[in-house]
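Now for the letters of each chain:
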Amino acid sequence: MKITVAIDGYSSCGKSTLAKQLAAALNYSYVDTGAMYRALTLYFIRNQVDIFHPDQVNNALNNISIEFKINPKTQQQETYLNGENIESEIRINPRVASVVSEVSAISEVRRFLVKQQQQLGKLKGIVMDGRDIGTVVLPDAELKLFVTADPIVRAKRRLDELVEKGQATTIEEVLANLEKRDFIDSNRDDSPLMQASDAIVLDNSNLTKEEQFDWVMKLVNQHIGSSTN
Ligand code: DC
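Residues numbered from 1 in each chain as written. Predicted model: local features only at pLDDT ≥ 70, side-chain atom pairs only at ≥ 80, totals over all residues. Heavy atoms only, no water.

> Explanation requested: the sheet that holds strand β5 (residues 84-85) in the structure shown.
The three strands are arranged β3-β4-β5 in an open sheet whose pairing can be described as antiparallel. Of all the strands in the sheet, the pair left with one neighbour each is β3 (66-70) and β5. Pairing of strand β4 (residues 77-81) with β5 involves two bridges; the strand directions are antiparallel. In the strand pairing of β5, Tyr80 is matched with Asn85. This element, helix α2 (residues 33-46), spans β3, β4 and β5 of the sheet and lies at about 30 degrees to β4. (Pairing = 2+ DSSP bridges. Helix = DSSP H or I, 4+ residues; strand = E, 2+ residues; numbered from the N terminus. Contact = heavy atoms within 4.5 Å. Axes fitted to C-alpha atoms, helices over the stretch in contact; angles between N-to-C directions.)

Rendered as structure tokens:
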């Protein structure tokens, strides 16, 4: 019996790490909706799309195709924009991090991506992470998690990731970007980041990745058990 797992939460809470661990352990597919918003944002930056001009936005949406493919060498999922592998660029380009929340607040953009995400979510055996998965994209998901952590802990984790990828930045810059994104994501008019009423809160400030994984696997097994009854 396969279920759908929806994971929402603040920026850099380790949602994607958790989602990937779960998908691998359960042999489920993983859909990283943040990567879709980042890919679309990269297209907007490269093509100088003015987000205040609906015609330019709609025109851009007609020319964007986003796909996920598994890299056969690493077995990791990578994001493609119009056939180009942009996985690394969407993670390290600071322009993407700085404008992705503004781009994600545009209703046309959300309609465009939510439709694709709902299509992917029709299959059972999906772990999807983002900001509006339990509330808007997959409101019928059997298990919904809302992940949170102390902002300083999150900024430190994100800084470590960026340094590992060779990006020069500071904890102050990273924290400011996280707080700005959380604010815009939580306060936009269209499908803001919020906890679904039936979501289970997971504060991982003081949990290792392994402890978090074990905690969530117990929940998943309970849900798989109850879905077969
Ligand atoms: O998960 P992430 O940090 O890669 O997401 C990047 C941005 O995309 C995030 O700041 C807000 C937006 N986003 C969204 O609005 N809705 C989603 N379901 C996923 C991401």
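> Just to check I follow, could you spell out the pattern of salt bridges for this structure?
Between side chains of opposite charge, a pair can form as their charged atoms come close. In this structure the tally under the stated criterion is 13 salt bridges. Between Arg46 and Glu84 there is a salt bridge, with its nearest N and O atoms 2.9 Å apart. Placement of the pair is Arg46 in helix α2 and Glu84 in strand β5, with a sequence separation of 38 residues. Overall, the relative accessible area of 38% leaves Arg46 in the partly exposed class. When salt bridges that share partners are traced, they join Asp32, Glu87 and Arg91 into one network. (Salt bridge = Lys/Arg side-chain N within 4 Å of Asp/Glu carboxyl O. Buried < 20%, exposed > 50% of the residue type's maximum accessible area, 1.4 Å probe, protein only.)

> What's the story with the nonpolar core in this structure? I'm lost.
The nonpolar side chains of a soluble globular protein tend to be buried with one another. Leu40, Phe44, Leu61, Ile64, Ile66 and Val109 are the most contacted members of the largest nonpolar core, which totals 33 residues. For this core, the secondary-structure elements that each account for two or more residues are α2, α3 (54-61), α5 (94-104), α6 (107-120), β6 (126-130) and α7 (133-137). The greatest single-element share of this core, amounting to eight residues, is contributed by α2. Core analysis: the second largest hydrophobic core is formed by 23 residues, Ile3, Ile7, Cys13 and Leu145 among them. (Core = buried A, V, L, I, M, F, W, Y, C linked by side-chain atoms within 4.5 Å.)

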